[in-house]
Amino acid sequence: MRVLLVGEEAGSKRLAILAGVVFVAITTIQFVAARFSLREHLTAADIVSLRFAGAAFAFLPVVWKTGAARLKKLGWRKAGLLALLTGLPYPLIINQGLTQAPAAHAAALSPAFIVFFSFLFSRIAFKDRVSGQRVIGIAVIMAGLALFVFHAGIGSGDILRGDLLFAGSGIMFAVYAVLVRLWSVDAVTATIAVVFFSCLPLPLLHILAPSGLGAASLAEIATQLVIQGFLAGAAAVVLYTFVVRQLGPQPASLFMPFIPVTTALVGMVALGEIPAPLQFAAIAVITFGMIFPILMRA
C-alpha cells in the first residue's frame with residue numbers, strides 16, 4: 001500500500017508539472033494574441049468579454065449539473081473574492097496594460113510579481129520556510145524589475161502606466177493562489193466561481209466601455225474567443241489551480257520564469273516587437289532570479 005501511495009504521489013507531481021508546462025504555453029499565446037488584436041480592432045473590454053463568454057460556454061455543462069452546489073459548498077463570499085482577484089478585473093487590467101506597453105513587459109512583470117508575492121504571502125499565511133537560495137533569487141528578481149522600471153521611466157509615461165498595471169495583476173494572482181491553498185479549493189470549483197461571477201457584469205461593461213467588435217473580422221473574434229475564452233479563461237485557470245493544489249503556491253509560481261522568454265520570442269516573430277537591449281537584460285535577470293533556487297538544488 002505504501003509503495004502504491006508513493007507511486008500515486010509521484011504520478012500526481014508529474015501530472016502537475018505537465019499542467020504547468022501547458023499553462024505556460026497558453027499564457028504565452030494569450031499575451032501575444034491579445035496584444036495583436038489590441039493593436040488592430042478590439043478593445044480591452046472586448047478581449048475580456050470574449051474571455052469570459054468563451055469560458056462560460058466551455059463550463060456550461062459543468063455549471064448546469066453541479067455548478068450551484070459547488071459554489072454553495074465553497075461559499076458565495078469566498079467565490080466572489082476569488083472572482084474579484086482573477087475574474088473580470090484581472091484580464092481587464094492586463095489588457096489595458098497591453099494597450100500601453102509591449103507584450104514582453106506583461107510576460108516579464110506580471111509573472112515576476114506573482115513569484116515574489118507568492119513567496120511573501122505563503123510565508124505570512126503558512127509560515128513556509130524560505131531558503132537562502134530563494135532569498136537570493138527574490139533579490140535578483142527585484143533587480144530585474146528595477147531594470148524594467150528604469151527603462152519605462154526614461155520612456156513614455158504610457159509604458160510606465162502599463163507596467164504598473166502588470167505589477168498589480170501579478171499581486172492579485174498571487175493572492176488568489178494563496179487563498180486556493182488556504183481554503184483547499186479544487187480547480188474546477190475555483191474556475192466556476194471566477195467565470196460565473198465575471199459573466200454577471202459583462203452587459204454593463206459593454207454599455208459603458210468602447211468596443212471594436214464591429215470593425216473586427218469574424219475570424220479575429222472567433223480566434224480570440226478560443227484563445228482568451230476556452231484556453232486562458234477556462235483551461236489555464238484550471239491548470240494553474242491544479243498545480244497550486246498539488247505543489248503549493250511557491251513551487252507553482254516557479255513555472256513563471258518561462259513566460260517572459262517564450263513571450264518575448266513569440267512576440268518577436270508574431271508582433272515584430274524587438275525588445276531593447278536593456279529589456280533583454282531585464283528579462284534575463286528576472287528569469288535567472290526565478291530559476292536560481294532550482295539550479296542550486298540540482
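Residues numbered from 1 in each chain as written. Predicted model: local features only at pLDDT ≥ 70, side-chain atom pairs only at ≥ 80, totals over all residues. Heavy atoms only, no water.

**Some points on the overall build of the protein**
At step 1: When its secondary structure is counted, the protein shows 13 helices and zero strands.
At step 2: For the protein, the succession of helices and strands along the chain, N to C, is α-α-α-α-α-α-α-α-α-α-α-α-α.
At step 3: Taken over the C-alpha trace, the protein has a radius of gyration of 19 Å; the compact-globule value for 298 residues is 19 Å, and the two agree within 12%.
At step 4: Within the protein, the fraction of its 298 residues that count as buried is 50%.
At step 5: Looking at the protein alone, contacts between residues at least 24 apart form 90% of all its contacts between residues at least 6 apart.
At step 6: Summed over all atoms, the accessible surface of the protein reaches about 13400 Å², with 73% contributed by carbon and sulfur.
At step 7: Separation between the mean location of the 20 positive side-chain charges and that of the 10 negative ones in the protein comes to 14 Å. (Helix = DSSP H or I, 4+ residues; strand = E, 2+ residues; numbered from the N terminus. Rg over C-alpha atoms; globule rule 2.2 N^0.38 Å. Buried < 20%, exposed > 50% of the residue type's maximum accessible area, 1.4 Å probe, protein only. Contact = heavy atoms within 4.5 Å. Areas by Shrake-Rupley, 256 points an atom, 1.4 Å probe, with all protein chains shown as cover. Lys, Arg positive; Asp, Glu negative; His and termini not counted. Charge placed at Lys NZ, Arg CZ, Asp CG, Glu CD.)

**Notes on the environment of T28**
At step 1: Relative to the elements of secondary structure, T28 occurs in helix α1 (residues 2-40).
At step 2: Assessed through its relative accessible area of 4%, T28 is described here as buried.
At step 3: Linking T28 and L60, residues 32 residues apart in sequence, is a C-alpha distance of 26 Å.
At step 4: Not counting chain neighbours up to four residues away, the residues in contact with T28 comprise I259, T262, T263 and V266.

**Some details on the packing of helix α3 (residues 76-86) against helix α8 (residues 187-199)**
At step 1: Look at α3 against α8: their axes get within 8 Å of each other, and the N-to-C directions meet at 75°. With respect to α8, the axis of α3 lies roughly perpendicular. Here W76, A79, G80, L82, A83 and T86 of α3 lie close against α8, whose contacting residues are A190, A193, V194, F196, F197 and S198.
At step 2: For the contact of α3 with α8, the class distribution of residues is nine nonpolar, three polar and no charged. (Axes fitted to C-alpha atoms, helices over the stretch in contact; angles between N-to-C directions. Parallel < 35°, antiparallel > 145°, perpendicular 65-115°, else oblique. Nonpolar A, V, L, I, M, F, W, Y, C, P; charged D, E, K, R; others polar.)

**Description of unusual backbone geometry**
At step 1: The backbone of S184 sits at a positive phi, close to 55°, despite the residue not being glycine.
At step 2: Structurally, the position occupied by S184 is in the loop between α7 (157-183) and α8.

**A look at the pattern of salt bridges**
A side chain of one charge can pair with a side chain of the opposite charge if their charged atoms are brought near each other.
At step 1: What the rule picks out here adds up to one salt bridge.
At step 2: In this structure, the salt-bridge partner of D186 is R70, at a minimum N-O distance of 3.2 Å. Of this pair, D186 sits in the loop between α7 and α8 while R70 sits in helix α2 (residues 44-74); the two residues are 116 residues apart in sequence, bridging distant segments of the chain.
At step 3: Looking at R70, the relative accessible area reads 28%, which means it is partly exposed. (Salt bridge = Lys/Arg side-chain N within 4 Å of Asp/Glu carboxyl O.)

**Brief notes about the nonpolar core**
At step 1: Judged by nonpolar contacts, the single largest core of 79 residues is most densely connected at F23, L82, L98, Y176, Y240 and M256.
At step 2: Sort the elements by how many residues they give to this core and helix α5 (residues 103-126) lands first, with twelve residues.
At step 3: Look past the residues within four positions of L98 in its chain and what remains in contact with it is F31, A34, R35, L38, A103, A106 and F166. (Core = buried A, V, L, I, M, F, W, Y, C linked by side-chain atoms within 4.5 Å.)

**Focus on helix α4 (residues 89-98)**
At step 1: For α4, the full list of buried residues reads Y90, P91, I94, N95, G97 and L98. Taken end-on, α4 shows its buried residues confined to a sector of 155°, consistent with a single buried face. (Arc of directions from axis to C-beta.)

**Considerations on the packing of α3 against α4**
At step 1: One way to put it is that α3 packs onto α4 with a least axis distance of 4 Å and a crossing angle of 10°. Here α3 lies roughly parallel to α4, going by the angle between them. Contact with α3, carried on its side by A83, L84, L85 and T86, involves P89, Y90 and P91 of α4 and no other residues of that element.
At step 2: Here the contact of α3 with α4 is built from residues that sort into six nonpolar, one polar and no charged.

**Regarding the packing of aromatic side chains**
At step 1: Per the counting criterion, the structure on display carries eleven aromatic pairs.
At step 2: Summarising the aromatic geometry, the rings of W76 and F197 are spaced 6.1 Å apart at their centres and angled 70° between planes, so their arrangement reads as edge-to-face. With W76 in helix α3 and F197 in helix α8, this residue pair connects regions lying 121 residues apart in the sequence.
At step 3: According to the relative accessible area criterion, W76 is partly exposed, its value standing at 45%.
At step 4: Judged by its relative accessible area of 22%, F197 is partly exposed.
At step 5: Here F116 and F117 contribute two aromatic rings whose centre-to-centre distance is 4.9 Å and whose plane-to-plane angle is 90°, an arrangement assigned as edge-to-face.
At step 6: Ring-pair connections join several aromatic residues into one group, and the members of that group are F23, Y90, F173, Y176 and Y240.
At step 7: One residue, R51, lies across the ring of F52, its end atom 5.7 Å from the ring centre.
At step 8: The ring centre of F126 lies 4.0 Å from the NZ or CZ of R181, which sits over that ring. (Phe/Tyr/Trp six-rings, centres within 6.5 Å; stacked < 30°, edge-to-face > 60°. Lys NZ or Arg CZ within 6 Å of the ring centre and 35° of its normal.)

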